[in-house]
Amino acid sequence: MWKRSKVTDQTAAGQAVDDSEGVHPDDKGIKKKSKVPGVMITQFIEELPEGMTTPDFTRKPIALTIQEGKFAVFKAKVVGTPIPTVTWSRANGEIHFHPDVCQQKYDETSHEHTIEFPKVAPEDADTYKCFATNEYGKAVCTVVLNVIAVGFSKSKELQKKSVEDPTEFRKKLKKRNSDGTREVKPMEPEEKIWEILLSADKKDYERICAEYGITDFRRMLKKLTEMKKEREEEIAEFVSHITKLKHIEVNDEDYATIELDMDLKDPTSKIFLYKDGVMVPFTKEDNEDLKHSLKQVGKKYVFKIKKLGSEDAGLYSVDVEGVNVFSTEFKVPEVDFAVKIQEIKATEREDAMFQCVLTAPMSEIKWFGKSAPLTNDEKHEIIVSEDKLIHKLIVRDCLPLDAGIYAAVAGIKSCNAWLVVEDPGVHFHAGLSDCKAIIGEAAELECKVSSEECEGIWYKDGDEIKSSEGITIAKDGCFHKLKIHKVTEEFAGKYKFEADGRKTEALIVVEDPPRFDTEELETFKTPVTVKKGQKAAFKLPFVGRDPIKIQWYLDGEELSDTSHIKLEHSEGYTSLLLTKLQRKDSGEIKIKLKNEFGTIEAFSQLVVLDKPTPPMGPLEIVEASSSVIEFKWRPPKDSGGCKINNYILERNQVGRNTWKKVGPIGPDAKFRDSDVDHGRRYCYRIRVETEMGTSELMETEDIQAGTKAYPGPPSAPKVVSAFKDCINLSWSPPANTGGTNILGYNLEKRKKGSNLWGPVNPPEEMIKTKGSAVKDVVEGMEYEFRVSAINNSGAGEFSTPSEFVFARDPKKPPGKVIDLKVTDSTYTTLSLSWTKPKDIKGVEDEAKGYFVEIRPAENTEWDRCNSNAITMTSYTVKGLKSLAMYWVRVTATNDGGQGETQELDNYILAMPPPVRPRLTDAKIKSFMVVRAGNSARFNINFEASPWPDITWQKDGGPVSKKVTISNTEGTSQLLITSAERSDTGIYTIIVKNIVGQETFSIEIRVTDEPKPPGPVEIDENVPGTVTISWTPSPDEKRDDRLHYMVTKRDSNKRQWHTVADRIFNNRFTACNIMPGREYQFRVYAKNDMGSSKPSESPKWLISTKKEKFTLNMPETKVCNLECPPKFIVPLKMHTAPQGYECYMSCAIKGDPTPHVTWLRNNISLNTNTNYFISNTCGVCSLLILRVGPKDTGEYMVVAENSKGRAECSTKLTVRE
C-alpha cells in the first residue's frame, strides 16, 4: 500500500499563502518564461534596474516516491540579483518545521536549498511549492511527494492505543454546567497544555512543547489539527467571524489587556473569563473596585486586568456560551527596576537617551512613547547590555513633537519619565516657496516661524519693502504673509523674509500666457447654425504677451487662408470667416493660442443645414398577406441637420404606369398598406421631408400581397435508441415557421450506399409529434433519416440527414484494455501500447476504438489527447512539458459506449529512458592554440538522460570567474573572452548523471608571436664546422613549446636557406663550412603562433690560398640525337561540368622537332579559334574556356617528323 499525494488546485482554500511564502503583495505582474520547464516567473516592475534580475531556478526539485520512515529531501538551486529568499509551502495544510518532522536548510558550498523529512510519514504526502523571491520578482515551481505506507505495524498500534482519542479528550475539555459555565475545579496540567496550543501561534509550538516536555512533535501536530477543526465547528455556532487575537500584554499604565475582534451571531450571547479554569468576575464599566473589566467597541472586545501582581500569572480563557474561543498564558517574571528612567531635557535636533537597570536579566523590555509602543527604527534605537540588566532607549533628532512621557515596562513593573525638548531660538516651520504669477492676478508669499512674538522684515532683490499701494504685508500668529493685489512685470524678482537672524527666500516669476475673457468665451462656445451656401463668422478677443501663435481648426484639421476661408489677426483679437458652406463643413471649431508661457484652447460648433439624403434599405417586410402589406426601412444617413417631419410615399401597382401618392405618414420609418389586392405586386417610392426640403427618392423592390411562405428545415433527426426491429428518432422544429403554425412533419429514410430516399409515413398521414418510431427496418442494415416541416403553404425543405445507425440491439460497452505500458518516452512525447480487451458475449462486446487521456500531477482534470477514437492499440502523446509528471489512462469504446478506464500504476516523467552521458561529436580536437587577447571558444555536444550535471575544471581545479560556461540541451560551451597567457592549461568537462559520467580534456594554449633571441655568436672549434650560439628569447621560460630555427647565407649563394629547425637549446653546429666563403647566420624563435624577427650573426670568413687553375678539355665526339616522335606523358580522360573550363596536355619528344596537330572526332582544331592550342618545349596543351555539350567527343594529338609519326587520344565527357 502506498499513499499518493492529493493533487489539488494550488490556490485552493486551506493553503496558507502570505508574504513569507514568497507571494508579493502586488502579485499582478509580468509573467515570464524560465529556461527550466515547470517554473513560473513573475516580474513585479516593468523595467529592471541595470544589473538587477528576477529570481529563477537553475535546478528545480524532482518528484519523489519513497517508503514511509525513510529520509526524504527536495533540493533546489536559485539565481537572481539581489539574492532571492527561498521559502516552501504545501497545498493541503501547513508545513510544521521541527527537527523531528521537517527542516529547511541551505548549503553555502553547493548553493543548494533543501527541505528535509528525517522520517517521512504518510501525512507528509502532498504537492509542495518552492518560492524564490526578491524585490523585483518571484519564481515558483511545484513538486509532488508520494509516500508508500509499510503496512501493519505493531508499534503503531500500541502507540494508537496509548494516545487518547482527541475527540474524547475534547469532551473532557468541554465539561460544562447547564448555563454554559465550566465546572468549578482546578485545571488539569494536560488540559492546560492543549488549551495553550489551541490558541498559540505556530512559531511558538516548539517552545511550548519543550517547556511542557512534549517529545512526540508529530503526534502532537496530528492531534492538535483534529482538535482545532472540532473547535472551529463549535465556535461557528455562536461566532460568525473572529480575528486579530492579541495575547495578553502589559502596557505603560500598569495594567494588562487581552484583545480580540469577533462578530457574534447573537449580540446577547454570554461571555465568560476564566483564570486557570476558574471563572473570573468582571464588569463592563471601568470600575476601580473590580480588578477585571471588559470594554466593547463595535466588534472589538478588550479585557483589562488592573493592579497587577505575581498572583495574576496563569492561563486566561475567553468563552462564548460555553465554547472556548481564545486562551492566553500570562507569565509574571520576578524582576523589578533597580534604577528607573529619569526626566531628560534635550535641545531641539539633539539625541535623547533614557536608561534603566533591572534586578534580574531580561532579553528585552517594552518601551512606550506617549502611550504608543516603540521599536527599533530610524527614530528610536533600543540597546541591551551583554548582561541584559541595562536597557537604553535613544530618541534621535529630537523635535518639539517628540516631547512627552516615555515609559519602560519589565514584566508587570513599569516606570516613566518626561522628555522635554527645548527650543534653541526662532526657526522656520515652513519657508517661502517659489511662486508663478500671472499678470493682472493676485500673488501671495507665506512662511511660518516657531514663535508668535517674532517680527521680521521683507526684502525684494535685496531692498527692504513694506506695505504700500498694491502690496500688503500681514502677520497672523506664526504666519507672515506678503500679498500682491495685481501682478505686473515689475513685481518679478527674489523675495526674502528675515527674522531673528534666520531667513528664507523665494522667487516670483511673472508670466503672461494667452487668456480669454470669460463672457466672450461663453459667447464663442454657442453653436453657430447656417444654411447651405451661407457664411459663418467666429471672433474671440484675447490677452497675452507677444508673440502669440494663433491656429484655427475645423474637426481637427488646421485652417489656412483660401477662397472660402479668411483668417484675420489683430492686436487683442482674432476672427475666422467661412463662406459658401456645405453640409460636410459641419463640425467642431477650435482656436488655439500659444506663447512662451503656455497654451489655451476654446471650442465651438458649426452646423450647416441642407436637404436630407434618401432613406436607406434594405427593406424589411413585416407582413405580406392577401389584405395587408407592412414593411420597414432605415432612416437617411444624414438628415441635413434637421428633424425629420414626414416620410412621403408613392405606390405603383406593377404593370401600370401611374404612381399613387399615399401622402405624408409621419416621422416613423414604417408603413402599413391595407388597400391591396390579393396576388398583386406593388412597388413604393419613399422620400424624406424636413424644414430644408425633400430628399431624393428610394424605390423599393416589388412586394406581392398574399405570397406563400414555406417553413424552413427542422434540425437533423437524432437517434434516441436503436433495436433490430425499431429505430426511435427525435428532432427540433424549424426556426423559420413561414409566419404560420407548423401542422406536422414528413419523414424519409435511406439505406447506406443507396441514392433513393423512401417515405416513412404516407403523405396524407403527417407526423404530428417531434419524433417517430421507425419499425420498417431490416436487422443489420444501416440507415439515415431526414425530416421536413409542413405549414398552411405546404411542406418546406428537408433537414440535413441524421448520422447512420444500425438496426440492431444495443451493444455492451467493452472492458478494460490489457497490458497498458510505456514503450518509449522523450522530454516532450510519450509512446504507449496495449492489448485490446477481451470480448465476453453478453457482458463485454468488442472494442471499436480507444481514447487516451493524461493528467498533469498538479491538476485534477483529465485531458483527452485524441478527439476521435483511434483503432490502433498504440499511441504517441505529444506536447508534454519536459520533466513534468503525468498520470495516463486509456479507455476502450464501441457503439455501446465507453468501457472502464485502465490507468498506469505509477505516474510518468516526461523524459527519455536513462542514458549514460556520451559525447556525440565524431572528431573532437584535444589541443587549441589561441593568440593572447583573442577569445577562446570550445563547444562540445553530448547526450544524456536525465539532464546531467556539467562541471568544467582547469588543471584539476575549478575554472576562474572570467571563464563563461553556457549549457543548453545537449551542448556545453566554454568561453574565455579575452585570453591571457595565464589561461593556458588543460580544461576538463565532466558530464554526470545518475547513470554514469563522461569526461573529456582539451589543452588550451594562450600565446603570442615570440620575441627574437638575443645576440648571436659564432665560434670555430673543429675545422670545417662553426658553432652558432645565442641568448635565449625572453619568452622561452613561459612557453615550453618555444624552439629555434637557424638559416644560413654564404657569399657564393646570396639566398637564405634553413639549416636547422626545432632546436630546443641555444646552440647549433653547422658543418661543411668552406674556406674562402663568407657566411652569415640568422636565428628565429618559433612557437605555435609563428616566428619572431631574426637575430643576425656577424659575418664569418676563412681565408685560403688561390692556386693556378688549369683546364684540360677532352676531345669531342660527334653524337646523333635524331629519333621519331614519342609520347612521354599521354593524354588523360576528362569529365568537365558544363560552363567550366577544360585543360588537356601531353608531353612529346622527337628530333627533328615534331609537327603537332589536334583533332576532335577526326576534324582538325589547329585553325579553330574556340580552342587555345600551344606547344612549348615538347609540352602540347589545349584549353576550352567554357565547356558545352558540343565539345563532347574523342580528342587526338598527331606528332610527325621526318623519322616517323605518333598518335595519342582521349575522351571528353560534359556533365550537366
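As the structure is a prediction and not an experimental result, all values here were calculated from the model. (Residues numbered from 1 in each chain as written. Predicted model: local features only at pLDDT ≥ 70, side-chain atom pairs only at ≥ 80, totals over all residues. Heavy atoms only, no water.)

Some thoughts on the nonpolar core
Okay, so step 1: The biggest cluster of nonpolar side chains holds 48 residues, and the ones touching the most others in it are Phe57, Phe74, Phe117, Leu145, Leu197, Tyr205 and Met220.
Okay, so step 2: Of all hydrophobic cores here, the second largest spans 29 residues; its members include Ile248, Ile271, Leu294 and Val323. (Core = buried A, V, L, I, M, F, W, Y, C linked by side-chain atoms within 4.5 Å. Buried < 20%, exposed > 50% of the residue type's maximum accessible area, 1.4 Å probe, protein only.)

Describing the packing of helix H3 (residues 189–199) against helix H4 (residues 205–212)
For any two helices packed against each other, the geometry comes down to the angle between their axes and how far apart the axes lie.
Okay, so step 1: In the contact formed by H3 and H4, the axes pass within 11 Å of each other and the chain directions differ by 170°. If you check the angle between H3 and H4, you find them roughly antiparallel. Along its contact with H3, which presents Lys192, Ile193, Ile196 and Leu197, the element H4 presents Tyr205, Ile208 and Tyr212.
Okay, so step 2: Broken down by class, the residue content of the contact of H3 with H4 amounts to six nonpolar, no polar and one charged. (Axes fitted to C-alpha atoms, helices over the stretch in contact; angles between N-to-C directions. Helix = DSSP H or I, 4+ residues; strand = E, 2+ residues; numbered from the N terminus. Parallel < 35°, antiparallel > 145°, perpendicular 65-115°, else oblique. Contact = heavy atoms within 4.5 Å. Nonpolar A, V, L, I, M, F, W, Y, C, P; charged D, E, K, R; others polar.)

A short note on empty space enclosed by the protein
Okay, so step 1: Counted by the stated rule, this structure contains two cavities of 30 Å³ or more.
Okay, so step 2: Along the walls of the second largest cavity sit Arg1049, Asp1050, Ser1051, Arg1054, Glu1078, Tyr1079, Gln1080 and Lys1099, which together make up its complete lining.
Okay, so step 3: The element that contributes the greatest number of residues to the lining of the second largest cavity is strand E86 (residues 1078–1087), accounting for three residues.
Okay, so step 4: The residue makeup of the lining of the second largest cavity, split by class, is one nonpolar, two polar and five charged. (1 Å grid on protein atoms, 1.4 Å probe; cavity = no way out; pocket = protein on both sides within 12 Å on 5 of 7 lines; lining within 4 Å. Points joined across faces, edges and corners; volume = space filled by probe spheres on them.)

Things to note about the sheet that holds strand E67 (residues 874–877)
Strands in a sheet are paired, the pairing made by backbone hydrogen bonds, and the direction either parallel or antiparallel.
Okay, so step 1: The three strands lie next to each other as E63-E64-E67, forming an open sheet whose pairing is antiparallel. Looking along the sheet, the strands with just one partner apiece sit at the ends: strand E63 (818–825) and E67. Here the average twist between neighbouring strands, direction ignored, is 20°.
Okay, so step 2: Where strand E64 (residues 830–835) and E67 come together, four bridges link them in antiparallel fashion. Bridging across to E67, leucine 830 finds its partner in valine 877. (Pairing = 2+ DSSP bridges.)

What to know about the pairing of strand E49 (residues 660–664)
Okay, so step 1: Relative to E49, strand E48 (residues 646–653) runs antiparallel, the two being bridged by four bridges. Among the inter-strand pairings, isoleucine 648 is bridged to a residue of E49, identified as proline 664.
Okay, so step 2: In sequence, E48 turns back onto E49 through a hairpin of six residues, with glycine 655 there showing a positive phi of about 110°.

Considerations on the pattern of salt bridges
Okay, so step 1: The final tally for this structure, using the stated rule, is 49 salt bridges.
Okay, so step 2: Between aspartate 673 and arginine 651 there is a salt bridge; the shortest N-O distance is 2.9 Å. Of the two residues, aspartate 673 sits in strand E50 (residues 670–673) while arginine 651 sits in strand E48, which places them 22 residues apart along the sequence.
Okay, so step 3: With relative accessibility at 5%, the residue aspartate 673 sits in the buried group.
Okay, so step 4: Measuring nitrogen to oxygen at the nearest pair gives 2.8 Å for the salt bridge that ties aspartate 1088 to arginine 1041. Remark: arginine 1041 occurs in the loop between strand E82 (1026–1030) and strand E83 (1043–1050) and aspartate 1088 occurs in the loop between E86 and strand E87 (1090–1091); sequence separation between them is 47 residues.
Okay, so step 5: Taking relative accessible area as the criterion, aspartate 1088 reaches 31% and is therefore assigned partly exposed.
Okay, so step 6: Look at arginine 1041 and you get partly exposed, because its relative accessible area is 36%.
Okay, so step 7: Each member of the salt-bridge network shares a partner with another, and the members are Glu1003, Arg1005, Asp1039, Arg1041 and Asp1088. (Salt bridge = Lys/Arg side-chain N within 4 Å of Asp/Glu carboxyl O.)

Some remarks on the packing of H3 against helix H5 (residues 217–236)
Okay, so step 1: As a packed pair, H3 and H5 sit with axes 10 Å apart at the nearest point and diverge in direction by 75°. Taken together, the axes of H3 and H5 lie roughly perpendicular to each other. Of the residues in H5, those touching H3 at Glu190, Trp194, Leu197, Leu198 and Ser199 are Met220, Lys223, Leu224, Met227, Lys228 and Arg231.
Okay, so step 2: Classifying every residue of the contact of H3 with H5 by side-chain character gives six nonpolar, one polar and four charged.

Remarks on the packing of aromatic side chains
Okay, so step 1: Summed over the entire model, instances satisfying the criterion amount to 21 aromatic pairs.
Okay, so step 2: With centroids separated by 5.5 Å and ring planes inclined at 65°, the aromatic side chains of tryptophan 834 and tyrosine 850 adopt a geometry described as edge-to-face. Taken together, the residues tryptophan 834 in strand E64 and tyrosine 850 in strand E65 (residues 849–856) connect sequence positions 16 residues apart. For the pair shown, tryptophan 834 and tyrosine 850 are each scored as buried.
Okay, so step 3: A network of ring pairs unites the aromatic residues Phe631, Trp633, Tyr647, Phe671 and Tyr684 as a single cluster.
Okay, so step 4: Cation over ring: arginine 808 sits above phenylalanine 806, and NZ or CZ is 4.1 Å from the ring centre.
Okay, so step 5: The residue whose ring lies beneath arginine 855 is tryptophan 862, and the NZ or CZ to ring-centre distance is 5.3 Å. (Phe/Tyr/Trp six-rings, centres within 6.5 Å; stacked < 30°, edge-to-face > 60°. Lys NZ or Arg CZ within 6 Å of the ring centre and 35° of its normal.)

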